[in-house]
Amino acid sequence: MLEELHKVYPSLYGRTFDERDMDDRFSSLAEKHKDLFSRDDIMLFSAAGRTEIAGNHTDHNLGLVIGAAINLDTIACVSKRDDMRVIIASEGFPVVDVDISDLEIKEEEKNTTHALIRGIAKAFRDRGFNVRGYQANTTTRVLKGSGLSSSAAIEVLAAEIFNNIYAGDSLDPVEIAKIGQYAENVYFGKPSGLLDQISCAHGGIVGIDFKDPKNPEITPLDIDFEEHGYALIITDTKGNHADLTPEYAAVPPEMWKVASFFGKENLREVEFDDFLANIAEIREYAKNDRALLRAFHFFKENERVLMMLKALEEDSIDAFLMLVEESGNSSYKYLQNVYPSSHPEDQGLSIALAISENILEGDGAARVHGGGFAGTIQAYVPHYLLDTYIKAMEGIFGKGCSTRIEIRKRPVSRIY
């Protein structure tokens, strides 16, 4: 097993992995599977976490984003079952046991992994696949609460297991992502977009255009930030996410409110020039200046994503980093998701960005990462400043707050 995995590790973990550490990780997973299920005829699967490269809070208005799979993953050891039960033992969580002969939506299962598994199985059945049971144990290194999408990773992982065992790997990563989204929307009860699932499932860096949300346009990109001399760092500012749901929830409807002035459902259907020409009337209509500023961010961020795609395609790292900085500034000033308006005294992200700017001094870039308000920032740090940068972040937010990540090229897949 390990000899086979050694060939796979670079496509999963980039340059910086410790082979012995990974060997121990997978060996322990296989031993645990044998302890739990008394089976050693195993399969191994891996699904990546993701990072948002660009397109902060644009997907819910059918905008453009850039996402990437990363070298922190959730792995599963799997064996087939002869019945209709799917059993998943995730490290640190209660065992999930679902009878997929019953695929009805169950209100009491909303917001649970049980609901996700049932919804994923239903999506495969609807596509004509006669899925049956499997048993798996999992462990993850996708940091929770960090905007790296640990939940999307487990969704696409569970779907890929069905895809490999019962569908002959006939579904591509985008279809796997759609299945994860369906389960999350319909069975789990969360109205999410496709950004997280596509980024986790696809592998590499991808531009995603959500103009047609059911069939998003995917643009694969190939750039290595490490080769250009920059490390990609996620820093967890350890902010409190409690009571922030209203802050997150306000962003999409405020943008929709501006779109409704034009009789549209979302801002993607509105022209920026029309927005500017009618801004006084929109202000009176919306009675919410923040909604206008968030709409302004949406329009300019979409333009910026197109420019960032061009810079990445041309391997122009300087142009790209300048646009990353612009994206972060727009999120701060116009989108206003760097700190919660309800708790202006809690500004860990603002402090992290200020210190980043002071250390980088124009060589590199930093921006809010993911949903914002609390949580993480993303920084492109030149190698010669890496130790200085991490030491500064850890001095404020605690040891281990900064994680160096790399782009993972391999999609969600069976690896053994």
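Below is a short write-up of the structure. The structure presented is a predicted model; accordingly, all values stated were derived computationally and were not measured. (Residues numbered from 1 in each chain as written. Predicted model: local features only at pLDDT ≥ 70, side-chain atom pairs only at ≥ 80, totals over all residues. Heavy atoms only, no water.)

1. A closer look at the pairing of strand 10 (residues 376-382)
Step number 1: Of all 7 residues making up strand 10, 7 are buried, and the element is well covered by its neighbours.
Step number 2: On strand 10, burial covers both faces: Thr376, Gln378, Tyr380 and Pro382 on one face and Ile377, Ala379 and Val381 on the other are all buried.
Step number 3: Here strand 8 (residues 230-236) pairs with strand 10 via 7 bridges, running antiparallel. In the strand pairing of strand 10, Leu232 is matched with Tyr380.
Step number 4: In the sheet, strand 9 (residues 365-368) pairs with strand 10 via 4 bridges, with the strands oriented antiparallel. Pairing of Arg367 across the sheet is with Gln378, part of strand 10. (Buried < 20%, exposed > 50% of the residue type's maximum accessible area, 1.4 Å probe, protein only. Helix = DSSP H or I, 4+ residues; strand = E, 2+ residues; numbered from the N terminus. Pairing = 2+ DSSP bridges.)

2. Remarks on the sheet that holds strand 8
Step number 1: Spatially, 4 strands are ordered 9-10-8-11 in an open sheet, and the strand pairing comes out antiparallel. Each having just a single partner strand, strand 9 and strand 11 (402-405) make up the two edges of the open sheet. Ignoring strand direction, the axes of neighbouring strands in this sheet form an average angle of 25°.
Step number 2: Sheet strands in contact with helix 12 (residues 348-360) are strand 9 and strand 10, and its direction is about 10° off that of strand 10.
Step number 3: Against the sheet, helix 13 (residues 386-397) makes contact with strand 8, strand 10 and strand 11, and its axis sits at roughly 0° relative to strand 8, the strand it touches most. (Axes fitted to C-alpha atoms, helices over the stretch in contact; angles between N-to-C directions. Contact = heavy atoms within 4.5 Å.)

3. Things to note about the packing of helix 4 (residues 150-166) against helix 5 (residues 173-188)
Packed helix pairs are characterised by how far apart their axes lie and by the angle those axes make with each other.
Step number 1: The N-to-C vectors of helix 4 and helix 5 enclose an angle of 120°; their axes lie 9 Å apart at closest approach. Viewed along their axes, helix 4 and helix 5 adopt a mutual orientation that is oblique. Of the two elements, helix 4 crosses helix 5, and the hand of that crossing is right-handed. Residues Glu155, Val156, Ala159, Glu160 and Asn163 of helix 4 touch helix 5, and the partners they reach there are Ile176, Ala177, Ile179, Gly180, Gln181 and Glu184. (Parallel < 35°, antiparallel > 145°, perpendicular 65-115°, else oblique. Left-handed = near helix turned anticlockwise from the far one by under 90°.)

4. Notes on the side chain of Glu226
Step number 1: On the secondary structure map, Glu226 appears in the loop between strand 7 (217-221) and strand 8.
Step number 2: On the basis of relative accessibility, which here comes to 12%, the residue Glu226 falls in the buried class.
Step number 3: Within polar-contact distance, the side chain of Glu226 engages the side chain of His383 at 2.8 Å.
Step number 4: Polar contacts involving the side chain of Glu226 include one to the side chain of Arg404, which spans 2.9 Å.
Step number 5: In contact with Glu226, other than residues within four places in its own chain, are Arg15, Ala231, Leu232, His383, Arg404, Ile405 and Glu406. (Polar contact = N/O pair within 3.5 Å; in protein donor to acceptor, adjacent residues only side chain to side chain.)

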